[in-house]
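# Descriptive structure summary
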Amino acid sequence: SKALEKNGAFFISPPHLNEWSYYHLPVLSLYRSFSPQFGKKDNAVIEMQLDYASLETVMNNMSIATQFFILDENGTFIYPAEDTAKELPFSSIRSYWESINTSQDTGTFTALDSDTKLKKIISYTHSPYTNFSVIVLEDEYTLFAPVRDFRNNLFMIGLLSLLVTLMVSYLIAQKVTVPIRRLYTSIKNLVGSIRMKRCTAV
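The numbers attached to residues start from 1 for each chain and follow its sequence in the written order. Since the coordinates come from a predicted model, pLDDT governs what is reported: local features require at least 70, and pairs of side-chain atoms require 80 or more to be given and counted, while whole-chain, interface and lining totals use all residues. The basis for every side-chain value is the complete set of non-hydrogen atoms in the structure, without hydrogens or water.

## What about helix H2 (residues 52-60)?
Heads up, the condition is: Buried means the residue's accessible area, taken with a 1.4 Å probe over protein chains only, is under 20% of the maximum for its type, while exposed means over 50%, and partly exposed covers the values in between. The helix count covers DSSP runs of H or I at least four residues long, the strand count covers runs of E at least two residues long, and both are numbered beginning at the N terminus. Directions pointing from the helix axis toward each C-beta atom define the arc. Note on contacts: a residue pair is in contact if any heavy atoms of the two residues lie within 4.5 Å.
Buried residues of H2: Tyr52, Leu55 and Met59, and no others. Considered in projection along H2, the buried side chains sweep an arc of 60 degrees and stay on one side of the axis. The secondary structure elements touched by the buried residues of H2 are strand S3 (26-34), strand S4 (44-51), strand S5 (68-71) and strand S6 (77-79).

See the structure below:
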């Protein structure tokens, strides 16, 4: 019925069980209405199916597949299907989807996760052709972990370099000042002995 309402424009359904198959495996379907006779009103529908497992395979090959989401124009999850990943915070993700500016094909914004209280960085791409939105979520803390590690390593290297420099400076100063002190002591003893001789002579 939805395909007939679109008058020839295609319609992609959310994941659903394949009613045409004995095994009733989940599929995505593309529907398009047409008329068997030219000039007549559309009264027939063609359906093309894609196994949902194929979409899962593509997404599972992504390094950030657990943070990858696809929603249609109504906010229905295309990937992952809500009944296959119930532990995910779908309500939060749908609220991020509502913040998407569909007039821009791509964008990035930040939001505070109400459950974890962590700041999320949300990047999205919206397809005007399918009206699907692909959303990628990442914790700001996790995203900037390499930057923090680099900063901490740089600080440690700087601190170690400063300590080594101070130690080397101390050793050099000791080697320079010890002979000077000995020379000073020798001169002081010499001056003292000269004074004693003068006092004795008087």
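Now, onward.
## Brief notes about unusual backbone geometry
In this chain, Tyr79 is followed by Pro80 through a cis amide linkage whose omega measures -10 degrees. In this structure, Pro80 sits in the loop between S6 and helix H3 (90-98). Backbone geometry places Asn7, a non-glycine residue, at a positive phi of 50 degrees. On the secondary structure map, Asn7 appears in the loop between helix H1 (2-5) and strand S1 (11-12). Positive phi values are uncommon outside glycine, yet His24 reaches one of about 55 degrees. Within the secondary structure, His24 sits in the loop between strand S2 (16-17) and S3. Its relative accessible area of 42% is what places His24 among the partly exposed residues.

## Description of a nonpolar patch on the surface
Definition in use: Note that patches include only residues with greater than 30% relative accessible area and no salt bridge, and the join distances are 9 Å for like charges and 5 Å for nonpolar side chains (Val, Leu, Ile, Met, Phe, Trp, Tyr). Note on areas: Shrake-Rupley, 1.4 Å probe, and residue coverage restricted to the protein chains presented here. Salt-bridge detection follows one rule: a side-chain nitrogen of Lys or Arg within 4 Å of a carboxyl oxygen of Asp or Glu.
There is a patch of nonpolar side chains on the surface, built from Phe155, Met156, Leu159, Leu160, Leu162, Leu163 and Leu166 and spanning about 710 Å² of accessible area. Among the secondary structure elements, Leu162 is positioned in helix H5 (residues 145-201). Judged by its relative accessible area of 49%, Leu162 falls in the partly exposed class.

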